[in-house]
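Coordinates in review
Listed below, chain by chain, are the residues.
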Amino acid sequence: MKENVISATVFTLLLFLNTCLLNGQLPPGKPEIFKCRSPNKETFTCWWRPGTDGGLPTNYSLTYHREGETLMHECPDYITGGPNSCHFGKQYTSMWRTYVMMVNATNQMGSSFSDELYVDVTYIVQPDPPLELTVEVKQPEDRKPYLWMKWSPPTLIDLKTGWFTLLYEIRLKPEKAAEWETHFAGQQTEFKILSLHPGQKYLVQVRCKPDHGYWSAWSPATFIQIPSDFIMNDTTVWISVAVLSAVICLIIVWAVALKGYSMVTCIFPPVPGPKIKGFDAHLLEKGKSEELLSALGCQDFPPTSDYEDLLVEYLEVDDSEDQHLMSVHSKEHPSQEREQRPAREAQGS
């Protein structure tokens, strides 16, 4: 009797499964949690992709537990984040704690589970785009014209407490250009750009990023028309160049004067005079003819009225080896020279 009951039950189940297969009804496919995001480290949301529904209505639920705990919890809010999402409010969000979560898909044919995902709120922060982007063209009278822009941080982030630090990045391009020009602004909420093309219409956007996390989406584009008379002259640069050039010239003049050189001496150096080997040039300065003739080795040379001319001519012409020998001879025998000198003076008188 029992065998008949079991056989009937199995037959009924097989018939049911066969009917379901013929109608295309299957257990649900495996879901996947593909993203978790926190806009401000205080709340976060996770989204999943559902698998196939098996041709039947399918229910999805997200369960989680914090690392180190065994008690499982179900998602507190399936509405705020939109379809196929789970939102964690402030009371369910803990910093520096790892969440272990997975999604369960169920229909009449069975259930399937996603892989477990480990989430640390600190590292999934992606803020909203900055707000109130303002762009203006500034043309000061004494400075170079520039493009000035200003923005505000996202409203969900409180920067006053120091709990959050935001970095900003700007991009802009002419309306018809294909590539963007990007500038990093750091933590400031104002920025200036100098290099622009006159007569062009520019698109400007800004985004932000926390110290740990991801860049936000770009803010809506703001358009600005650059005037055609956007003058790029910078008088300050030319004044700085002129002052620097004057300082350099003064330093050069001071250095030359300090060394005692005149500009003419530096450009036209003096030509050195001729020198006679073995002859003392100081004898010419003294003007004594006897000592001069003695140095030249000339004995019994009568002085004349044209003595200076003859002396110069003699000095210019006689540069032979004999003169050198005579000079050396006179240095080797100074006693003989002193004995002969009175005799020559007597003959001269």
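Per an unreviewed UniProt entry, the recorded name for the protein chain is Prolactin receptor, and the organism is Macaca fascicularis. Listed in UniProt under the heading Subcellular location (unreviewed entry), the comment for the protein chain reads: "Membrane".

Now for the nonpolar core. Core analysis: the largest hydrophobic core is formed by 22 residues, its most contacted members being Leu147, Met149, Trp151, Ile170 and Val204. Elements represented by at least two residues in this core include exactly strand S9 (131–138), strand S10 (146–152), strand S11 (166–174), strand S13 (190–193) and strand S14 (201–210). Excluding residues that lie within four positions of it along the chain, Leu147 makes contacts with Val135, Glu136, Val137, Leu172, Phe191, Lys192, Ile193, Leu196, Val204, Ile224 and Ile226. Of all hydrophobic cores here, the second largest spans 17 residues; its members include Ile33, Cys36, Phe44 and Tyr99.

For the rest of this paragraph, the subject is unusual backbone geometry. Backbone geometry follows two general trends: most residues other than glycine have a negative phi, and most peptide bonds adopt the trans configuration. Backbone geometry at Lys41 places phi at a positive 70°, although glycine is not the residue there. One can find Lys41 in the loop between strand S1 (32–37) and strand S2 (44–49). In this model, Asn84 sits at a positive phi of 55°, which is unusual for a non-glycine residue.

One pass over the full model with this rule turns up eight salt bridges. Of the charged contacts in the structure, one is a salt bridge between Lys30 and Asp115, with a shortest N-O distance of 2.8 Å. Here Asp115 lies in the loop between strand S7 (110–113) and strand S8 (117–120) and Lys30 lies in the loop between helix H1 (2–22) and S1, a separation of 85 residues in the sequence. Note that Glu69 and Arg97 form a salt bridge whose closest N and O atoms lie 3.4 Å from each other. Placement of Glu69 in the loop between strand S3 (59–66) and strand S4 (73–74) and of Arg97 in the loop between strand S5 (85–88) and strand S6 (98–107) is noted, with a sequence separation of 28 residues between them. The class of Arg97 is partly exposed, set by a relative accessible area of 30%.

A surface patch of nonpolar side chains, about 360 Å² in accessible area, is lined by Ile239, Val243, Val247 and Ile251. By the secondary structure assignment, Val247 is in helix H2 (residues 235–258).

The next subject is the sheet that holds strand S15 (residues 222–225). Pairing in this open sheet of four strands is antiparallel, and the strands run S12-S11-S14-S15 from one edge to the other. Edge positions in the sheet fall to strand S12 (181–186) and S15, since each of these pairs with one other strand and no more. Averaged over all neighbouring strand pairs, the angle between strand axes comes to 25°, with direction disregarded. Of the strand pairs in this sheet, S11 and S14 are connected by nine bridges, and their pairing is antiparallel. Bridged to Arg171 within S14 is Gln205.

Here the focus is the sheet that holds S1. Across the sheet, three strands lie side by side as S1-S2-S5; this open sheet has antiparallel pairing. Of all the strands in the sheet, just S1 and S5 have a single pairing partner and so form its edges. Across the sheet, the mean angle separating the axes of adjacent strands is 15° when strand polarity is ignored. For S1 and S2, the ladder comprises five bridges, and the chain directions are antiparallel. From the neighbouring strand, Ile33 faces S2, where its bridge partner is Trp48.

So, how was this worked out
Residues numbered from 1 in each chain as written. Predicted model: local features only at pLDDT ≥ 70, side-chain atom pairs only at ≥ 80, totals over all residues. Heavy atoms only, no water. UniProt positions renumbered as here; feature names shortened; annotations may be inferred. Core = buried A, V, L, I, M, F, W, Y, C linked by side-chain atoms within 4.5 Å. Buried < 20%, exposed > 50% of the residue type's maximum accessible area, 1.4 Å probe, protein only. Helix = DSSP H or I, 4+ residues; strand = E, 2+ residues; numbered from the N terminus. Contact = heavy atoms within 4.5 Å. Salt bridge = Lys/Arg side-chain N within 4 Å of Asp/Glu carboxyl O. Patch = residues over 30% accessible without salt bridge, like charges linked within 9 Å, V, L, I, M, F, W, Y side chains within 5 Å. Areas by Shrake-Rupley, 256 points an atom, 1.4 Å probe, with all protein chains shown as cover. Pairing = 2+ DSSP bridges. Axes fitted to C-alpha atoms, helices over the stretch in contact; angles between N-to-C directions.

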